[in-house]
Amino acid sequence: MQGALHELFLDELRDLYSAEQQLTKALPKMAKAASHPQLVQAFESHLKETEGHVKRLEDAFTALGEKPDGEKCEAMEGLIKEGSALIDRKGDLPDAVLDAGLIAAAQKVEHYEIASYGTVITWSTLMNHDEVTELLTETIAEEEAADDKLTMLAENGINESAMAGSV
Ligand SMILES: [Fe+2]
């Protein structure tokens, strides 16, 4: 039965590989749409981290003797689509309101990733793929830090500016 869980584990990793790749294309658009300099910087620095996440997943597949391609993450596609719809409203929405919305969209992405990495780390640990567990653990720490940074930006000015700008 471990074989079946191992296959599901690989599927989940391929799903994450697709998700991270999609995100490397979406983050530059989010950075471009954002106004608050620290939010722009947060998106840009998470883009660099995300490129590292893609690389770590490739390293994980190498360690497992498998190929990373073959899955399309439809959940990430949907989350990014919602973010794009928001970006399309740039110019109509006050800058700070758009920033607050971009934070919301980005945090949905981060929480999706944190949930997914949490699962694959648990399974990887269970199946004793130590090298893979280590790679995934490095990534989830960066996802959590990115999520915390977004919360901090929202709570330290952006939400209040958004509220002031919307009345
Ligand atoms: Fe990531």
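Preceding this paragraph is the structure being described.
Model, not experiment: these values are computed from the prediction.

Definitions and limits used
Residues numbered from 1 in each chain as written. Predicted model: local features only at pLDDT ≥ 70, side-chain atom pairs only at ≥ 80, totals over all residues. Heavy atoms only, no water. Donors = N, O, S within 2.8 Å, 3.2 Å for Na, K, Ca; no water. Tetrahedral: all angles 85-135°; square planar, octahedral: opposite > 155°, others 65-115°. Buried < 20%, exposed > 50% of the residue type's maximum accessible area, 1.4 Å probe, protein only. Helix = DSSP H or I, 4+ residues; strand = E, 2+ residues; numbered from the N terminus. Salt bridge = Lys/Arg side-chain N within 4 Å of Asp/Glu carboxyl O. Axes fitted to C-alpha atoms, helices over the stretch in contact; angles between N-to-C directions. Parallel < 35°, antiparallel > 145°, perpendicular 65-115°, else oblique. Contact = heavy atoms within 4.5 Å. Nonpolar A, V, L, I, M, F, W, Y, C, P; charged D, E, K, R; others polar. Expected span 1.5 Å × (residues − 1).

Draft legend 1. Fine view of the coordination of the iron ion. Coordination of the iron ion by the protein comes from Glu20 (OE), Glu20 (OE), His53 (ND1) and Glu143 (OE), over a distance range of 1.9 to 2.4 Å. Coordination geometry of the iron ion: the four donor atoms subtend angles of 55 to 141 degrees at the metal centre, consistent with an arrangement described as irregular. Take His53: its relative accessible area is 0%, and that puts it in the buried class. On the basis of relative accessible area, Glu143 is assigned to the buried category, the value being 0%.

Draft legend 2. Spatial organisation of unusual backbone geometry. Even without being glycine, Asn128 reaches a positive phi, approximately 60 degrees. Relative to the elements of secondary structure, Asn128 occurs in the loop between helix 4 (95-126) and helix 5 (130-166).

Draft legend 3. Quick look at the pattern of salt bridges. Scanning the model with the defined rule gives six salt bridges in all. Glu138 serves as the salt-bridge partner of Arg56, at 3.2 Å between the closest nitrogen and oxygen. Remark: Glu138 occurs in helix 5 and Arg56 occurs in helix 2 (residues 37-64); sequence separation between them is 82 residues. Taking relative accessible area as the criterion, Arg56 reaches 17% and is therefore assigned buried. Ionic contacts of the salt-bridge type, sharing partners, join the residues Arg56, Glu138 and Glu142 into one network.

Draft legend 4. Region of interest: the packing of helix 3 (residues 74-87) against helix 4. In contact at an axis separation of 10 Å, helix 3 and helix 4 are set at 175 degrees when each is read in the N-to-C sense. By the criterion of interaxial angle, the relationship of helix 3 to helix 4 is roughly antiparallel. Across the interface between the two elements, Ala75, Met76, Leu79, Glu82, Gly83, Leu86 and Ile87 from helix 3 touch Leu98, Gly101, Leu102, Ala105, Lys108, Val109, Tyr112 and Glu113 from helix 4. Each residue belonging to the contact of helix 3 with helix 4 can be placed in one class, and the counts come to 10 nonpolar, two polar and three charged.

Draft legend 5. Region of the structure containing the side chain of Gln107. Examined against the element boundaries, Gln107 turns out to sit in helix 4. You can call Gln107 buried: its relative accessible area is 17%. Sequence-distant contacts of Gln107, that is, excluding residues within four places in its chain, are made with Asp147, Leu150 and Thr151.

Draft legend 6. Focus on helix 2. End to end, helix 2 covers 41 Å across 28 residues, agreeing with the expected 40 Å (1.5 Å per residue, within 8%). Following helix 2 by one or two positions, Gly65 has its phi on the positive side, about 70 degrees.

Such coordinate-based values are descriptive only and should not be taken to indicate function.
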